[in-house]
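As a plain string of letters, each chain reads:
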Amino acid sequence: MKIANYIQDLLYRYECVILPGFGAFLSQRESAFIDAATHTLYPPKKTVSFNRQLVKNDGLLANYIADAESINYTTALNKIADFVHQLESSLKEQQKAEIANVGEFTVSEDYTLQFEPFNKVNYLADSFGLDVVHSTKIQREVYKSQVQKIEDKAPIHFTPERRSRKAAFLKYAAVGILAIGLSGIAGLNIYSNQVAEHNIAEQQEAENQLQQQIQEATFVIDNPLPAITFNVEKQSGNFHLVAGAFRVEENAEKKVEELREEGYKARLIGANKYGLHQVVFSSHKTRRDAVNALNKLKRENQAAWLLVQEL
């Protein structure tokens, strides 16, 4: 079914893709590495895992299907429900189910759901086109011992005539090197002086422009207003804990107000490429801080997930 293809498309762009009523596919980036045993270089990639607890619809998959097939949102949800029903039926009857190019589900003996990702597809967009590189072991040859043996067997002797010619050649070579060095030092001094003069001139010009702007912007207020101080905590960072995505902006704003009343530092981070207005619990500067906050948040909000997006 096409829904498997839609899940694949979203895994390239997001770190969490929820299949409503079934679970969520989570992706995490791994750096490139070398297998020394097989002499193989593996490019950076995304590893896919599965979380059975995240089943609440966040609208991402449904809106993507609706946009791709030009259907309404309710019809897209019905298609997802049919797909989930097929997965559940396959697990019940055959003890296994598969989502093409994503992974395979199996039911263990203790009736727990196991997920095995499909490792032949790399969902890291930055690594598109990069393949595994195999190399043969590099053989390093050492010539030093061979050269020493040859020198011991065939020592080189210089005759007086050859020594005098060699000495003359070395004398002229030394004079040439000295001349080149002196000319290089002189040229370097001239260049350094030119750079210093240029920097001083540019600095003086910048100071003159700044002084002129200050004079133009100076004015006098007869009745100055009292100073007002605002304590605003600015949210920053590229790691966001998402509370939901809404097609109607008013609904997103209401969600922000509700979360703020509950004590969260909620805010809107704008609409994504599908036109959904994204509401986040909070934003963090590092992945570690975001993951720690997400673990605490999931105790009360299982639908929360991590979005990495530069604003």
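All of these numbers come straight from a predicted model, not from anything done at the bench. (Residues numbered from 1 in each chain as written. Predicted model: local features only at pLDDT ≥ 70, side-chain atom pairs only at ≥ 80, totals over all residues. Heavy atoms only, no water.)

### Quick look at the overall build of the protein
Now for step 1: Across its full length, the protein holds seven helices and 13 strands.
Now for step 2: Counting every position in the protein, which comprises 311 residues, the buried fraction comes to 27%.
Now for step 3: A separation threshold of at least 6 residues defines the contact pool for the protein, and within that pool the share at least 24 residues apart is 59%.
Now for step 4: Accessible surface computed for the protein: about 22,600 Å², of which carbon and sulfur atoms make up 53%. (Helix = DSSP H or I, 4+ residues; strand = E, 2+ residues; numbered from the N terminus. Buried < 20%, exposed > 50% of the residue type's maximum accessible area, 1.4 Å probe, protein only. Contact = heavy atoms within 4.5 Å. Areas by Shrake-Rupley, 256 points an atom, 1.4 Å probe, with all protein chains shown as cover.)

### Side note on the sheet that holds strand 5 (residues 45-51)
Now for step 1: If you trace the three strands from one edge of the open sheet to the other, you get 1-2-5, paired in antiparallel fashion. Edge positions in the sheet fall to strand 1 (16-19) and strand 5, since each has one partner strand and no second. Strand-to-strand twist in this sheet, taken as the mean axis angle between neighbours without regard to direction, amounts to 20°.
Now for step 2: Both strand 1 and strand 2 (residues 23-30) contribute to a ladder of four bridges, which runs antiparallel. Within the sheet, the bridge partner assigned to Val 17 lies in strand 2 and is Phe 25.
Now for step 3: Where helix 1 (residues 2-13) meets the sheet, it contacts strand 1, strand 2 and strand 5, and its direction lies at approximately 155° from that of strand 1. (Pairing = 2+ DSSP bridges. Axes fitted to C-alpha atoms, helices over the stretch in contact; angles between N-to-C directions.)

### Looking at the sheet that holds strand 11 (residues 267-271)
Now for step 1: In space, the four strands of this open sheet follow the order 11-12-10-13, with antiparallel pairing throughout. The open sheet has two edge strands with one neighbour each: strand 11 and strand 13 (305-308). Looking at each pair of strands side by side, their axes are set apart by 50° on average, direction ignored.
Now for step 2: Bridge count between strand 10 (residues 239-246) and strand 13: four bridges; the pairing is antiparallel. In the strand pairing of strand 13, Val 242 is matched with Trp 305.
Now for step 3: Each of strand 10, strand 11 and strand 12 (277-284) is contacted by helix 6 (residues 249-261), which is oriented at about 30° to strand 12, the strand it contacts most.

### Considering the side chain of Asp 58
Now for step 1: Position of Asp 58 among the secondary structure elements: in the loop between strand 5 and helix 2 (60-69).
Now for step 2: Put simply, Asp 58 is tucked away with no salt bridge, and the nearest opposite charge, on Lys 298, sits 10 Å away.
Now for step 3: Among the polar contacts made by the side chain of Asp 58, one reaches the main-chain amide nitrogen of Leu 60 at a distance of 3.2 Å. (Lys, Arg positive; Asp, Glu negative; His and termini not counted. Salt bridge = Lys/Arg side-chain N within 4 Å of Asp/Glu carboxyl O. Polar contact = N/O pair within 3.5 Å; in protein donor to acceptor, adjacent residues only side chain to side chain.)

### Structural notes on helix 7 (residues 287-297)
Now for step 1: By the burial criterion, the buried members of helix 7 are Ala 290, Leu 294 and Leu 297. Buried residues of helix 7, seen end-on, are gathered within an arc of 60° and therefore sit on one face of the element. Residues of helix 7 that are exposed and point over 90 degrees away from its buried face: Arg 288 and Lys 296.
Now for step 2: Where helix 7 is buried, its residues touch strand 10, strand 12 and strand 13. (Arc of directions from axis to C-beta.)

### Regarding a negative patch on the surface
Now for step 1: Where like charges cluster on the molecular surface, the negative patch consists of Glu 249, Glu 250, Glu 253, Glu 257, Glu 258, Glu 261, Glu 262 and Glu 300.
Now for step 2: Residue position: Glu 257 is located in helix 6. (Patch = residues over 30% accessible without salt bridge, like charges linked within 9 Å, V, L, I, M, F, W, Y side chains within 5 Å. Charge placed at Lys NZ, Arg CZ, Asp CG, Glu CD.)

### Brief notes about the packing of aromatic side chains
Now for step 1: Evaluated as defined, the whole model comprises twelve aromatic pairs.
Now for step 2: When the ring of Phe 22 is compared with that of Phe 105, the centres are 5.2 Å apart and the planes differ by 90°; the resulting orientation is edge-to-face. Highlighted residues: Phe 22 in the loop between strand 1 and strand 2 and Phe 105 in strand 7 (residues 103-107), separated in sequence by 83 residues. For the pair formed by Phe 22 and Phe 105, the shared burial category is buried.
Now for step 3: The buried category is assigned to Phe 105, whose relative accessible area is 0%.
Now for step 4: Aromatic rings pair up to connect Phe 22, Phe 25, Phe 50, Phe 105 and Phe 115 into one cluster. (Phe/Tyr/Trp six-rings, centres within 6.5 Å; stacked < 30°, edge-to-face > 60°.)

### Considerations on the environment of Asp 9
Now for step 1: Along the chain, Asp 9 turns up in helix 1.
Now for step 2: By relative accessible area, Asp 9 is classed as partly exposed at 28%.
Now for step 3: Considering only alpha carbons, one finds Asp 9 and Leu 61, 52 residues apart in sequence, at a separation of 10.0 Å.

### Some words on the confidence of the model for the protein
Now for step 1: The predicted model of the protein averages 77 in pLDDT, with 63% of residues at 70 or higher.
Now for step 2: Confidence scores differ between elements of the protein, with helix 5 (residues 160-216) showing the lowest mean pLDDT of 58 and strand 1 the highest of 94.
Now for step 3: Under a pLDDT of 50 for its full length, residues 217-221 has, in the predicted model, zero contacts with residues more than four places off or in other chains. (pLDDT = per-residue confidence, 0-100.)

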